[in-house]
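Here's the letter readout for the chains.
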Amino acid sequence: MRAFFESWLPSAPTANRREQLRASFGALCGILLTALLSHLLLQSTHAAIFLVAPIGASSVLLFALPASPLAQPWSVIGGNVVSGLVGVACVHWFGDSLPLPLLAGLACGGAIAAMFVTRCLHPPGGAVALTTVIGGPLVQAAGYEFVLMTVLADSVLLVLMAVTYNNLTGRSYPHVQHAHANPHATGDAVPTVRLGFKPEDLDAVLQQHNQVLDISRDDLASLFMQTEQRAYQRRFGIISCADIMSRDIVSAEFGTGLDDAWQQMRAHRVTCLPVLNRARRLIGIVTQTDFLDHGGLDDYGSIRQQLRRFLRKSGVTHTEKAEVVGQIMTQRPTTARVDTPIVDLVPLMADSGFHHIPIVDHEQRFVGIITQSDLVAALYESRFAEAAA
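Residues numbered from 1 in each chain as written. Predicted model: local features only at pLDDT ≥ 70, side-chain atom pairs only at ≥ 80, totals over all residues. Heavy atoms only, no water.

**Looking at a nonpolar patch on the surface**
Piece 1. A surface patch of nonpolar side chains, about 650 Å² in accessible area, is lined by Phe 25, Leu 28, Leu 32, Leu 33, Leu 36, Leu 37 and Leu 40.
Piece 2. Turning to its location among the elements, Leu 36 is positioned in helix α2 (residues 17-42).
Piece 3. Looking at Leu 36, the relative accessible area reads 48%, which means it is partly exposed. (Patch = residues over 30% accessible without salt bridge, like charges linked within 9 Å, V, L, I, M, F, W, Y side chains within 5 Å. Areas by Shrake-Rupley, 256 points an atom, 1.4 Å probe, with all protein chains shown as cover. Salt bridge = Lys/Arg side-chain N within 4 Å of Asp/Glu carboxyl O. Helix = DSSP H or I, 4+ residues; strand = E, 2+ residues; numbered from the N terminus. Buried < 20%, exposed > 50% of the residue type's maximum accessible area, 1.4 Å probe, protein only.)

Set out below in structure tokens:
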């Protein structure tokens, strides 16, 4: 009997205790501030109700599942309001002619249909529709005002709280769909999706599954990709960045002159220089592309003259012309840790177009760099060694 009832339990949550506390405290703050602000906003109106129970269900999605398609701003605001309007319409049209159970079912079913049509499916919307039916004389007397004032105000305020709290605590919200766009603006798919499963494969499976999933399409694709990476690590072993990175790296400082930096890049035949402070922490990276972009080198017929003019010092103390590396470098470049598995760099270099990834230690000090050539050689060597075995 115990095993039978245990089979009804869902699997243990994958979120750790810190994430659980983050979500719980977020809901506490969100509901508290929504109630206070809604009361202040609505006390001068005829709205007698300033907080509705379904907003509590919305807070679960907004703070515990902020990446869910059901928790996005339009889903929350549109779902609650559309469902409320459907519920009020059902009460006005059929309230005197239908028994309460049938009226409640009609309101909830109609709300779900309306949310599907308007692409704002939000589970608490069903509770809003039901509230308009069984909320009592006060709610029914308010009618559409209940929806367009109380429900709308509560939904908007709670979404604003979620935007603020989630982003302050490290959870991006609203969730933005990330398409795998080719960084070279061509029609080719990015390299990581040319082998293995492709977007059209995922679309076909989702269409065949034919159910609403509480996860966005791009998150689902990302999970599949990370699963493939872990399977690769298990099969071929874990090679870390420390194993393959170049350590003797030519670098620059913020105040390194552009001419000196360019000469170093030419002399060592490299395409980038990490920019370090005196504590050897990375503050930026300067590449050949930075020189071309800031030098305005679009006319290839006179590129030599323009480059010389760009690198030449102005000879004055105040000028708008960039003269040191710190003025043209890319700040806060993407980095990896020494213990990062190299397979984690594949999407960055293959899909995002990075040609080099600076490597930092546990104290965020610069220790080396990995180029596309280093990564290709390491992956080839691991496959070759596995085949030989």
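**Re the pairing of strand β5 (residues 356-360)**
Remember that side chains alternate between the two faces of the sheet whenever the strand is regular.
Piece 1. Across the 5 residues that make up β5, a large majority, 5, are buried.
Piece 2. Neither face of β5 is open: one carries His 356, Pro 358 and Val 360, the other Ile 357 and Ile 359, and all of them are buried.
Piece 3. Relative to β5, strand β4 (residues 336-337) is paired through 2 bridges, and the arrangement is parallel. Bridge pairing links Arg 337 to Val 360 in β5.
Piece 4. The antiparallel pairing of β5 with strand β6 (residues 366-371) creates a hairpin that spans 5 residues between the two strands, and Gln 364 there sits at a positive phi of about 65°. (Pairing = 2+ DSSP bridges.)

**A few points about the pattern of salt bridges**
Piece 1. Following the criterion strictly, the structure yields 3 salt bridges and no others.
Piece 2. With a shortest N-O distance of 3.0 Å, Arg 22 and Glu 19 are connected by a salt bridge. In this pair, Arg 22 and Glu 19 both sit in helix α2, 3 residues apart, roughly one turn of the helix. Note on accessibility: Arg 22 and Glu 19 belong to one class, buried.
Piece 3. For Arg 365, the salt bridge is made with Glu 363, and the minimal N-O distance between the two is 2.3 Å.
Piece 4. The structure contains a network of salt bridges with shared partners spanning Glu 19, Arg 22 and Arg 171.

**With respect to the UniProt feature "transmembrane region" (unreviewed entry) in the chain**
Piece 1. In this numbering, the UniProt entry assigns the feature "transmembrane region" (unreviewed entry) to residues 21-42, 48-67, 74-94, 100-121 and 142-165.
Piece 2. In residues 21-42, helix accounts for 100% and strand for 0%; the two terminal C-alpha atoms are 31 Å from one another.
Piece 3. A distance of 32 Å separates the end C-alpha atoms of residues 142-165, which is 96% helix and 0% strand. (UniProt positions renumbered as here; feature names shortened; annotations may be inferred.)

**Observations regarding the packing of helix α5 (residues 100-117) against helix α6 (residues 124-134)**
Piece 1. Viewed as axis vectors pointing N to C, α5 and α6 meet at an angle of 145°, and their least axial separation amounts to 9 Å. For α5 against α6, the interelement crossing comes out right-handed. Along its contact with α5, which presents Leu 100, Leu 103, Ala 104, Ala 107, Cys 108, Ala 111 and Met 115, the element α6 presents Gly 125, Gly 126, Ala 129, Leu 130, Val 133 and Ile 134.
Piece 2. Of the residues that constitute the contact of α5 with α6, the class distribution is 11 nonpolar, 2 polar and no charged. (Axes fitted to C-alpha atoms, helices over the stretch in contact; angles between N-to-C directions. Left-handed = near helix turned anticlockwise from the far one by under 90°. Contact = heavy atoms within 4.5 Å. Nonpolar A, V, L, I, M, F, W, Y, C, P; charged D, E, K, R; others polar.)

**Overview of the environment of Glu 145**
Piece 1. For Glu 145, the location among the structural elements is in helix α8 (residues 144-168).
Piece 2. Spatially, the C-alpha atom of Glu 145 lies 9.7 Å from that of Val 88, the residues being 57 residues apart in sequence.

**Quick notes on unusual backbone geometry**
Piece 1. Here the amide bond leading from Tyr 173 into Pro 174 is cis, since omega sits at 0°, within 30 degrees of zero.
Piece 2. Tracing the backbone shows Pro 174 in the loop between α8 and α9 (199-209).
Piece 3. Positive phi is not limited to glycine here, since Arg 269 has a value of about 55°.
Piece 4. With respect to the element layout, Arg 269 can be found in the loop between α12 (258-268) and β1 (272-276).
Piece 5. Judged by its relative accessible area of 79%, Arg 269 falls in the exposed class.

**Points about the side chain of Thr 340**
Piece 1. Take Thr 340: it is sitting in the loop between β4 and α15 (346-350).
Piece 2. With a relative accessible area of 16%, Thr 340 lands in the buried category.
Piece 3. Sequence-distant contacts of Thr 340, defined by excluding residues within four places in its chain, comprise Ile 239, Ser 240 and Cys 241.

**Remarks on the sheet that holds β6**
Within a sheet, neighbouring strands are paired by backbone hydrogen bonds and run either parallel or antiparallel to one another.
Piece 1. Here we have 3 strands laid out as an open sheet, ordered β4-β5-β6, and mixed in their pairing. Each edge of the open sheet carries a strand with a single partner, namely β4 and β6.

**What about the packing of aromatic side chains?**
Piece 1. Within the structure shown, the criterion is met by 4 aromatic pairs.
Piece 2. Ring geometry for Phe 25 versus Tyr 165: centroids 6.4 Å apart, planes at 50°, classification tilted. Of the two residues, Phe 25 sits in helix α2 while Tyr 165 sits in helix α8, which places them 140 residues apart along the sequence.
Piece 3. The class of Phe 25 is partly exposed, set by a relative accessible area of 47%. (Phe/Tyr/Trp six-rings, centres within 6.5 Å; stacked < 30°, edge-to-face > 60°.)

**Side note on α12**
Piece 1. Within α12 the residues assigned to the buried category are Leu 258, Ala 261, Trp 262 and Met 265. Viewed along the axis of α12, the buried residues span an arc of 100°, placing them on a single side of the element.
Piece 2. Remark: Arg 269 follows α12 within two positions and exhibits a positive phi of approximately 55°. (Arc of directions from axis to C-beta.)

**With respect to the sheet that holds β1**
Piece 1. The strand order β1-β2-β3 describes an open sheet built from 3 strands, whose pairing is antiparallel. The open sheet has two edge strands with one neighbour each: β1 and β3 (330-331).
Piece 2. One ladder, built from 2 bridges, connects strand β2 (residues 282-287) with β3; its direction is antiparallel. Considered in β3, the bridge of Gly 284 is made with Gln 331.

**Some points on the environment of Ala 336**
Piece 1. Looking at the element boundaries, Ala 336 is found in strand β4.
Piece 2. When the C-alpha atoms of Ala 336 and Gln 364 are compared, they prove to be 9.7 Å apart, with 28 residues separating the residues in sequence.
Piece 3. Sequence-distant contacts of Ala 336, defined by excluding residues within four places in its chain, comprise Cys 241, Leu 345, Ile 357, Pro 358, Ile 359 and Val 360.

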